[in-house]
Amino acid sequence: SGHPEIIDVVPGTHASGSFLAYLAFNKYVLDTPLYREMYRLSGESMRVSRMSLTNWLEKGSIHLCGLVSYLKNTCLEKDSIVNCDETWCKVKMNRHFLKKYVWCLVNKEQKIVIYCYEDGSRGRKVLKEILKDRQVKALQSDGYNVYMYIDKELVDTEHLCCLAHARAKFVYAYEQGGDLNAKQMLEYIGWLYGQEDSYRQSGLTAEEITRQRNSLRTKEVIG
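Here the structure is a predicted model, which means the values were calculated and not measured.

Engineer: Break down the packing of aromatic side chains for me, with residues and values.
Structural biologist: Here the structure, examined in full by the defined rule, presents 4 aromatic pairs. Look at Phe 19 and Trp 56: their rings are 6.2 Å apart centre to centre, the planes differ by 80°, and that puts the pair in the edge-to-face class. One end of the pair, Phe 19, is in helix α1 (residues 17-28); the other, Trp 56, is in helix α3 (residues 50-75), with 37 residues separating them in the sequence. Of the two residues, Phe 19 and Trp 56, both sit in the buried class. Aromatic pair Tyr 35 and Tyr 39: ring centres 6.4 Å apart, planes at 80°, arrangement edge-to-face. In this pair, Tyr 35 and Tyr 39 both sit in helix α2 (residues 34-42), 4 residues apart, roughly one turn of the helix. Among the residues examined, Tyr 35 registers a relative accessible area of 35% and is labelled partly exposed. Looking at Tyr 39, the relative accessible area reads 57%, which means it is exposed.

Following this line, the structure appears as structure tokens:
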């Protein structure tokens, strides 16, 4: 009483956002046929046709695609710094599960995470399609050779290599092969991580952190 009424209805449907999300989850994740969904809803005194459910999902997909497009553009806006990686997942196709790949883009400043799926491919063509002519300032990745496309063609985009992935190689060399040189490298990397923690705990500004990272001691360790 005394407050404005809030109506949560997705435009073009009679479904709320939460109900439409629930319907989409059942349909595309749990693989529940719409006729079963129709009968289940009738048991809750909700009479809706199978065609209505189909139309609602189609209308919802239009709004969802618009949202994804906006988030992707924001994630890859000019002069942004983006982390990129890809991982495999199981996809059901023709009653069989196949190994496919999904790409992940992270813009920490904008607090946006975007997942890209292009027929489950992990090839260079997918990365080109994702980035297109975007003018991102820097992109951080692991050592997967597809990312060499950034160095060869996106010359205005700085390619940053992930230290965590590099560290994992030294961990493997030390734990599996007992390489003492690898152990020493892990100590160097540990020192660098410790310095980063001290910068954050000290509340240093971005400019101050940059100066610390370019200190003589840091350069000696990295060199």
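The discussion continues.
Engineer: An account of the nonpolar core is needed here, citing residue identities and associated values.
Structural biologist: By size, the foremost hydrophobic cluster in this structure holds 21 residues, and its most contacted members are Trp 103, Leu 105, Leu 127 and Tyr 147. Of all the elements in the fold, those that place two or more residues in this core are β1 (81-93), β2 (96-107), β3 (112-116), α4 (124-131) and α5 (148-153). The dominant element in this core, judged by the number of residues it contributes, is α4, at 4 residues. Setting aside anything within four residues of it in sequence, one finds Leu 127 in contact with Cys 84, Trp 103, Val 146, Tyr 147 and Tyr 149. Counting 11 residues, the second-largest nonpolar core is a separate cluster that includes Val 10, Phe 19, Leu 53 and Trp 56.

Engineer: Could you give an account of helix α7 (residues 180-201), with specific residues and numbers?
Structural biologist: With 22 residues, α7 extends 32 Å from end C-alpha to end C-alpha; this agrees with the ideal 32 Å at 1.5 Å per step. Among the residues of α7, those classed as buried are Ala 182, Leu 186, Ile 189, Leu 192, Glu 196 and Tyr 199. Buried residues of α7, seen end-on, are gathered within an arc of 135° and therefore sit on one face of the element. Exposed side chains of α7 directed beyond 90 degrees from the buried face belong to Leu 180, Glu 187 and Gln 201. Of the residues flanking the start of α7, the one acting as N-cap is Asp 179, its side-chain oxygen 2.8 Å from the backbone nitrogen of Asn 181. Positive phi shows up at Gly 203, right after α7, with a value of about 70°.

Reading guide: rules and limits
- Residues numbered from 1 in each chain as written.
- Predicted model: local features only at pLDDT ≥ 70, side-chain atom pairs only at ≥ 80, totals over all residues.
- Heavy atoms only, no water.
- Phe/Tyr/Trp six-rings, centres within 6.5 Å; stacked < 30°, edge-to-face > 60°.
- Helix = DSSP H or I, 4+ residues; strand = E, 2+ residues; numbered from the N terminus.
- Buried < 20%, exposed > 50% of the residue type's maximum accessible area, 1.4 Å probe, protein only.
- Core = buried A, V, L, I, M, F, W, Y, C linked by side-chain atoms within 4.5 Å.
- Contact = heavy atoms within 4.5 Å.
- Expected span 1.5 Å × (residues − 1).
- Arc of directions from axis to C-beta.
- Polar contact = N/O pair within 3.5 Å; in protein donor to acceptor, adjacent residues only side chain to side chain.

Geometric values such as these leave the question of function open.
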